[in-house]
Each structure stands twice: as C-alpha cells, then as structure tokens.
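One-letter residues, chain by chain:
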Amino acid sequence: GSIVHGADLAAALVAAVASAAAAGRTYHVANDVPHTMDDLLERIGRAVGRRTRRVPLPDCALRGAGVVAEEIARIRGIVPTLSRDKVRELLAPGWVCTTAAARRDLGWSPATPLDRGLRETAEWYAREGWLPALPDGPGAFR
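Residues numbered from 1 in each chain as written. Predicted model: local features only at pLDDT ≥ 70, side-chain atom pairs only at ≥ 80, totals over all residues. Heavy atoms only, no water.

A.B. asks: Just to check I follow, could you spell out the overall build of the protein for this structure?
C.D. replies: Assigned secondary structure in the protein consists of six helices and zero strands. Along the protein, from the amino end to the carboxyl end, the secondary structure elements read α-α-α-α-α-α. Expressed as a percentage of the 142 residues in the protein, the buried residues total 25%. Partitioning the contacts of the protein with sequence separation of at least 6, the portion at a separation of at least 24 is 67%. Accessible surface, the protein as shown: approximately 9,800 Å² in total, 59% of it carbon and sulfur. The protein carries 19 positive and 16 negative side-chain charges, and their two centres are separated by 2 Å. (Helix = DSSP H or I, 4+ residues; strand = E, 2+ residues; numbered from the N terminus. Buried < 20%, exposed > 50% of the residue type's maximum accessible area, 1.4 Å probe, protein only. Contact = heavy atoms within 4.5 Å. Areas by Shrake-Rupley, 256 points an atom, 1.4 Å probe, with all protein chains shown as cover. Lys, Arg positive; Asp, Glu negative; His and termini not counted. Charge placed at Lys NZ, Arg CZ, Asp CG, Glu CD.)

A.B. asks: Sorry, what's going on with the packing of helix α3 (residues 59-76) against helix α4 (residues 84-91) here?
C.D. replies: The description of two packed helices rests on the angle between their axes and on the distance between the axes. Close contact between α3 and α4 brings their axes to 8 Å; oriented N to C, the two are set at 155°. Relative to α4, the element α3 lies roughly antiparallel. When the axes of α3 and α4 are compared, the crossing they make is right-handed. Two secondary-structure elements touch here, α3 through D59, L62, R63, G66, V67 and E70 and α4 through R84, D85, V87 and L91. Tallied by class, residues from the contact of α3 with α4 come to four nonpolar, one polar and five charged. (Axes fitted to C-alpha atoms, helices over the stretch in contact; angles between N-to-C directions. Parallel < 35°, antiparallel > 145°, perpendicular 65-115°, else oblique. Left-handed = near helix turned anticlockwise from the far one by under 90°. Nonpolar A, V, L, I, M, F, W, Y, C, P; charged D, E, K, R; others polar.)

A.B. asks: Help me out: how do you make sense of helix α2 (residues 37-47) in this one?
C.D. replies: In an α-helix, one turn spans 3.6 residues, which is why side chains three or four residues apart end up on the same side. Regarding α2, the residues found buried are L40, R43, G45 and A47. Looking at the buried residues of α2, the elements they touch are α6 (114-127). A positive phi of about 75° marks G49, the residue just after α2.

A.B. asks: I tried to follow the environment of I78 on my own but got confused; where do I start?
C.D. replies: By the element assignment, I78 lies in the loop between α3 and α4. Each C-alpha atom, one on I78 and one on R88, is 20 Å from the other, the two residues being 10 residues apart in sequence.

A.B. asks: Looking at this structure, I do not really get the packing of aromatic side chains. What am I missing?
C.D. replies: Note on aromatic pairs: each is described by the distance of the centres and the angle between the planes. Within this structure, the stated rule accounts for three aromatic pairs. Aromatic side chains W124 and W130 sit 5.4 Å apart centroid to centroid with 80° between the ring planes, which places their arrangement in the edge-to-face category. A centroid spacing of 5.2 Å and a plane angle of 80° characterise the contact between Y125 and W130, whose relative ring orientation is edge-to-face. On the basis of relative accessibility, which here comes to 56%, the residue W130 falls in the exposed class. Connected via pairs of aromatic rings, a cluster forms that spans W124, Y125 and W130. (Phe/Tyr/Trp six-rings, centres within 6.5 Å; stacked < 30°, edge-to-face > 60°.)

A.B. asks: Explanation requested: the nonpolar core in the structure shown.
C.D. replies: The tendency in soluble globular proteins is for nonpolar side chains to be buried as a group. Core analysis: the biggest nonpolar cluster contains eight residues, these being A12, A15, A22, Y27, V29, A102, L106 and W108. Once you skip the residues sitting within four places of it in the chain, W108 turns out to touch V4, D8, A11, A12, V29, A30, T99, A102 and R103. Residues L40, L114, A122 and L134 belong to the second largest nonpolar core, which totals seven residues. (Core = buried A, V, L, I, M, F, W, Y, C linked by side-chain atoms within 4.5 Å.)

A.B. asks: How should I be thinking about the pattern of salt bridges in this particular structure?
C.D. replies: Side chains bearing opposite charge may pair, as long as their charged atoms lie close to each other. This structure, assessed with the given rule, holds 13 salt bridges. Across the pair D115 and R43 runs a salt bridge whose closest N-O atoms are separated by 3.0 Å. Linking D115 in helix α6 with R43 in helix α2, this pair joins segments that are 72 residues apart in sequence. Taking the shortest distance from any N to any O, the salt bridge between D105 and R104 comes out at 2.8 Å. Classification of D105 as buried rests on a relative accessible area of 17%. Among the residues examined, R104 registers a relative accessible area of 55% and is labelled exposed. A single network of salt bridges, built from pairs that share partners, joins D39, E42, R43, R46 and D115. (Salt bridge = Lys/Arg side-chain N within 4 Å of Asp/Glu carboxyl O.)

Encoded structure:
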C-alpha cells in the first residue's frame, strides 16, 4: 500500500494552500514505492529494534477482535485502537495511490525515505513514552 510521512503530508498541504491550481481539487500524496503489509511490518520491526513474526488469522477472528475492542473501549470511555473500521482497512488487499497530480500541480514530491520516517516515528514514540526505550545494537536505529 501507499504510505506517507507526516512531514511530507504537511509539505503537500502547504503546497496546496499556496497553489491556485489546487483550488477545489483532491490530491493523493505518498512515498514513491508502495509496500506490502509484510514488508512494512518488517521495516517497523527494524525501526523499533525488534524481530517481527507474521501470525495469520482468519478474517472472522479479526472482525470479532474489532467488535470486542470497540466494546471494551466504549465501557472504558476511551477511543479504541482496534475497531471494525480499522479491521476493514487491514483486510483490504491494498491502498495504492498515484501522486502524479500533486507532483504536476503542486511541485510536491516525498522527501522522507520510508526507513528514516519509521525510525523517526519510533524514536518519537519512545521519547513520548508510548514505546519502551529503543534497544541499541545491530538492527536498531539510533
């Protein structure tokens, strides 16, 4: 699927606001190369210094988990991390877009390579306490 770093998305939004050609138009912005879910998960694992393992689950199990997670979140009064909508996204065969119009009309192109963006994101999550401290050593980005 297609993915974009927050800084690249922000740059595209600024370029759209500054462009008369963008008025009333919709643009898709993403890194140049789409990635499979397996590739993305492996790269996220490297960014956080962990080995990943794919555990296939039946679609019905994921859908059930989305329902249960929503109900638990409702009871606890929080926003669910996993939901029926998120499960629908996870089960989609892919989300791929073309950035041709954004490049043409806005002069925009992504500046953040995927691995660097994932590393920066993991470091931010660790600084904010959303992830444990990132390990040092081979495979860890520091």
